[in-house]
Amino acid sequence: MHTSPPRLRRTENFLTAVHHGKKEEKVAVERRRLHVLKALKKLHIEADKAPVVAVLGSGGGLRAHIACLGVLSEMKEQGLLDAVTYLAGVSGSTWAISSLYTSDGDMEAVEADLRHQFSRQEWDLAKSLQKTIQAARSENYSLTDFWAYLVISKQTRELPESHLSNMKKPVEEGTLPYPIFAAIDNDLQPSWQEAKAQETWFEFTPHHAGFPALGAYVSITHFGSKFKKGRLVRTHPERDLSFLRGLWGSALGNTEVNRNYIFDQLRNLLTLRDLWRRTVAGVKNVGRLIFAPLLRLQQSLQRERPALEDEGGEPNYNWLTEMLENWTRTSLEKQKQPDEDPESKGSVSDLWDFVRKTGICASKWEWGTTHNFLYKHGGIRDKTMSSRKHLHLVDAGLAINTPFPLVLPPTREVDLILSFDFSAGDPFETIRATTDYCRRHKIPFPHVEEAKLDLWSKAPASCYILKEETGPVVMHFPLFNTDACGDNIEAWSDTYDTFKLADTYTLDVVMPLLALAKMNVRENKKNILREMRHAAMLYYPKRYTQSCSLV
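Okay, so let's go over this structure. (Residues numbered from 1 in each chain as written. Predicted model: local features only at pLDDT ≥ 70, side-chain atom pairs only at ≥ 80, totals over all residues. Heavy atoms only, no water.)

1. Section: the overall build of the protein
Here is step 1: Helices and strands together make up the secondary structure of the protein, namely 23 helices and 16 strands.
Here is step 2: Across the protein, every contact between residues at least 6 apart in sequence was considered, and the portion connecting residues at least 24 apart equals 76%.
Here is step 3: Working note: accessible area of the protein is about 23300 Å², and carbon and sulfur atoms make up 49% of it. (Helix = DSSP H or I, 4+ residues; strand = E, 2+ residues; numbered from the N terminus. Contact = heavy atoms within 4.5 Å. Areas by Shrake-Rupley, 256 points an atom, 1.4 Å probe, with all protein chains shown as cover.)

Quick look at the structure:
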């Protein structure tokens with residue numbers, strides 16, 4: 001219990017949140033460097049000071065999750081992960097990275113869990129629904145809650161209830177790399193599209209959450225709490241990892257794919273008699289109970305709210321009409337529910353509130369709603385940041401599908417970046433996007449001619465080394481490459497489509513992908529060690545770019 005509300009304080013020209021989140025990161029990184037030095041020695045690399053190595057995982061849904069697990073597992077096996085200072089991810093990779101910490105770094109246990117999860121077609125829908133209905137009681141409920149508990153939990157077959165702050169112990173002891181999880185501020189998308197605005201990017205760590213470009217952070221335990229003028233006015237519980245995974249991975253498909261999937265889920269939920277018997281008390285007729293209020297909701301939305309637009313720019317309410325028609329077609333026998341134990345976790349009003357709020361959020365396409373901790377803070381020059389009561393945080397893959405912008409700031413002093421790209425499409429799109437971002441903001445980053453990137457993308461090798469005279473060295477590893485896949489890259493990509501549902505991921509589909517990701521690390525171990533050695537010597541040769549396969 002705190003005795004006085006925390007305040008934002010001015011430090012140089014930046015705002016930084018209470019609890020000294022960045023200071024805690026700096027202390028943790030310094031301790032990590034001691035472990036890195038020991039790891040380098042085991043790898044026969046001598047160094048007076050540990051170089052800062054960052055491993056990045058791109059987005060890519062369940063494919064990225066499984067492949068990233070393979071990368072982390074093999075790096076652990078080869079002794080390479082112990083030489084890494086930062087571990088950062090976007091979208092599906094964040095699911096894998098968080099699993100490393102919830103298992104205390106035991107990748108054998110993580111792999112065992114993965115095999116168990118995908119050796120069966122089980123998913124605790126009742127528990128996921130209970131979590132969603134509970135989340136709908138919040139004033140800041142959005143589609144991210146629905147997505148987290150009813151989509152991502154099904155994709156990964158996990159529903160972790162731990163928190164980011166639970167990761168502090170191994171991170172502060174330096175036994176695991178410092179993790180960074182990426183998101184973007186969706187309200188700033190126009191600024192991103194126009195000028196690749198740096199303040200669009202938002203990060204989460206075990207200590208803080210906030211805007212690196214502003215130097216504005218809040219303690220991770222207070223992320224989601226209500227602030228005004230720099231003072232904490234209402235405390236909310238820390239959000240669990242299940243919710244954050246949904247926030248970090250909320251762009252598995254395009255808007256149309258996501259929208260259809262959400263409403264398919266909603267339509268199907270109300271036909272599951274046994275499910276409601278377990279989760280909602282006193283429900284006798286779900287279809288009739290919900291239909292009339294939702295019909296009124298549809299009419300209200302048509303009058304008062306902008307809807308999703310069709311291709312011609314006209315409001316489109318087909319999603320709600322189809323949903324309602326589906327429910328009325330549900331047989332009375334299926335709709336009828338027995339009386340329930342009054343101590344059941346849910347209630348009829350909870351059910352209605354959940355469906356109503358989900359419908360409204362879908363009509364507005366509202367994602368990632370959370371209290372803005374910078375609201376009405378007088379020290380913020382940019383009123384766009386301080387005038388909003390809420391932030392809307394979404395998948396960073398909507399900007400750049402890998403978290404380069406979060407490890408490139410000079411305060412993190414990164415010497416070597418291992419970029420693992422799990423894209424099903426062009427594996428160099430993230431390099432193009434990052435090059436453009438860095439050019440606009442005068443950030444050192446290796447430049448590669450567009451013609452060369454086009455050539456590489458036609459038949460990608462397993463690794464590329466990109467260097468300039470200044471800035472970090474970048475090693476880029478396409479998941480699907482000619483070294484591992486031969487001429488079958490397209491077949492591999494089709495098998496592991498980004499939005500392919502978890503039901504299609506059986507163990508015989510999961511294990512080859514895991515093995516492929518491991519092989520890419522194993523086959524490039526010598527290249528990684530060589531660049532680690534160069535970084536340890538603070539050696540940067542003259543600018544060159546080349547495929548590892550040609551070294």
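2. Concerning the pairing of strand S10 (residues 231–234)
Here is step 1: The pairing of strand S9 (residues 226–228) with S10 spans three bridges and is antiparallel. Along S10, the bridge assignment pairs Phe227 with Leu232. (Pairing = 2+ DSSP bridges.)

3. Considering unusual backbone geometry
Here is step 1: One non-glycine residue, Arg157, adopts positive backbone phi at about 60°.
Here is step 2: Of note, Arg157 is situated in the loop between helix H6 (143–156) and helix H7 (168–173).
Here is step 3: A positive phi is found at Lys229, a non-glycine position, where the angle reads about 55°.
Here is step 4: Tracing the backbone through its elements, the reader meets Lys229 in the loop between S9 and S10.
Here is step 5: Residue Lys229 is classed as exposed on the basis of its relative accessible area, which comes to 56%. (Buried < 20%, exposed > 50% of the residue type's maximum accessible area, 1.4 Å probe, protein only.)

4. Digging into a negative patch on the surface
Here is step 1: A contiguous patch of negative charge on the surface is contributed by Glu77, Asp104, Asp106 and Glu108.
Here is step 2: Relative to the helices and strands, Glu77 resides in helix H2 (residues 61–77).
Here is step 3: Residue class for Glu77 comes out exposed when judged on its relative accessible area of 60%. (Patch = residues over 30% accessible without salt bridge, like charges linked within 9 Å, V, L, I, M, F, W, Y side chains within 5 Å. Salt bridge = Lys/Arg side-chain N within 4 Å of Asp/Glu carboxyl O. Lys, Arg positive; Asp, Glu negative; His and termini not counted. Charge placed at Lys NZ, Arg CZ, Asp CG, Glu CD.)

5. Some words on the packing of aromatic side chains
Here is step 1: Summed over the entire model, instances satisfying the criterion amount to 22 aromatic pairs.
Here is step 2: Each ring, one from Trp147 and one from Trp367, has its centre 5.5 Å from the other, and the planes form 70°; the classification is edge-to-face. Residue Trp147 is located in helix H6, and its partner Trp367 is located in the loop between helix H15 (348–364) and strand S11 (369–371); the two are separated by 220 residues in the primary sequence.
Here is step 3: What makes Trp147 buried here is its relative accessible area of 0%.
Here is step 4: Given the relative accessible area of 6%, Trp367 is considered buried.
Here is step 5: In this structure, Arg239 packs its charged tip against the face of Phe243, placed 3.6 Å from the ring centre. (Phe/Tyr/Trp six-rings, centres within 6.5 Å; stacked < 30°, edge-to-face > 60°. Lys NZ or Arg CZ within 6 Å of the ring centre and 35° of its normal.)

6. Digging into the packing of H2 against helix H3 (residues 92–102)
Here is step 1: Between H2 and H3, the least distance of the axes is 6 Å, while the angle of their chain directions is 40°. By the criterion of interaxial angle, the relationship of H2 to H3 is oblique. Between H2 and H3 lies a crossing whose hand is right-handed. Judged by residue contacts, Gly61, Leu62, Ala64, His65, Cys68, Leu69 and Leu72 of H2 engage Gly92, Ser93, Trp95, Ala96, Ile97, Ser99 and Leu100 from H3.
Here is step 2: A breakdown of the residues in the contact of H2 with H3 according to their chemical character gives nine nonpolar, five polar and no charged. (Axes fitted to C-alpha atoms, helices over the stretch in contact; angles between N-to-C directions. Parallel < 35°, antiparallel > 145°, perpendicular 65-115°, else oblique. Left-handed = near helix turned anticlockwise from the far one by under 90°. Nonpolar A, V, L, I, M, F, W, Y, C, P; charged D, E, K, R; others polar.)

7. Focus: the nonpolar core
Here is step 1: With 143 residues, the main nonpolar core has Met75, Phe202, Phe204, Phe354 and Leu418 as its most contacted residues.
Here is step 2: The element contributing the most residues to this core is H2, with nine residues.
Here is step 3: Residue-level mapping places this core at the junction of two domains, with at least three residues from each of domain 1 (20–122 + 162–251 + 380–539) and domain 2 (123–156 + 253–277 + 345–366).
Here is step 4: Beyond its immediate stretch of four places on either side in the chain, Phe204 contacts Leu164, Pro179, Ile180, Phe181, Ala183, Ala209, Ile220, Phe223, Leu244, Leu247, Trp248 and Leu393. (Core = buried A, V, L, I, M, F, W, Y, C linked by side-chain atoms within 4.5 Å. Domains from an automatic or database assignment.)

8. Here we look at helix H22 (residues 507–523)
Here is step 1: Over its 17 residues, H22 extends 24 Å from the first C-alpha to the last, a length consistent with the 24 Å expected when each residue adds 1.5 Å.
Here is step 2: Val509, Val510, Leu513, Leu514, Leu516, Ala517, Lys518, Asn520 and Val521 are the residues of H22 that are buried. (Expected span 1.5 Å × (residues − 1).)

9. Focus: the pattern of salt bridges
Here is step 1: Inspection of every chain in the model, using the stated rule, returns 26 salt bridges.
Here is step 2: One salt bridge in this structure joins Asp185 and Arg388, with 2.8 Å as the shortest N-O distance. Remark: Arg388 occurs in the loop between helix H16 (383–386) and strand S12 (390–395) and Asp185 occurs in strand S5 (residues 178–185); sequence separation between them is 203 residues.
Here is step 3: Residue classification places Arg388 among the buried positions, given a relative accessible area of 14%.
Here is step 4: Linking Arg530 and Glu531 is a salt bridge whose minimum nitrogen-to-oxygen distance equals 3.5 Å.
Here is step 5: Glu531 sits in the buried class, given a relative accessible area of 1%.
Here is step 6: Among the charged side chains, a salt-bridge network with shared partners connects Lys22, Glu25, Glu203 and Arg412.

So, to be careful, I would describe these as geometric facts and stop short of saying anything about function.
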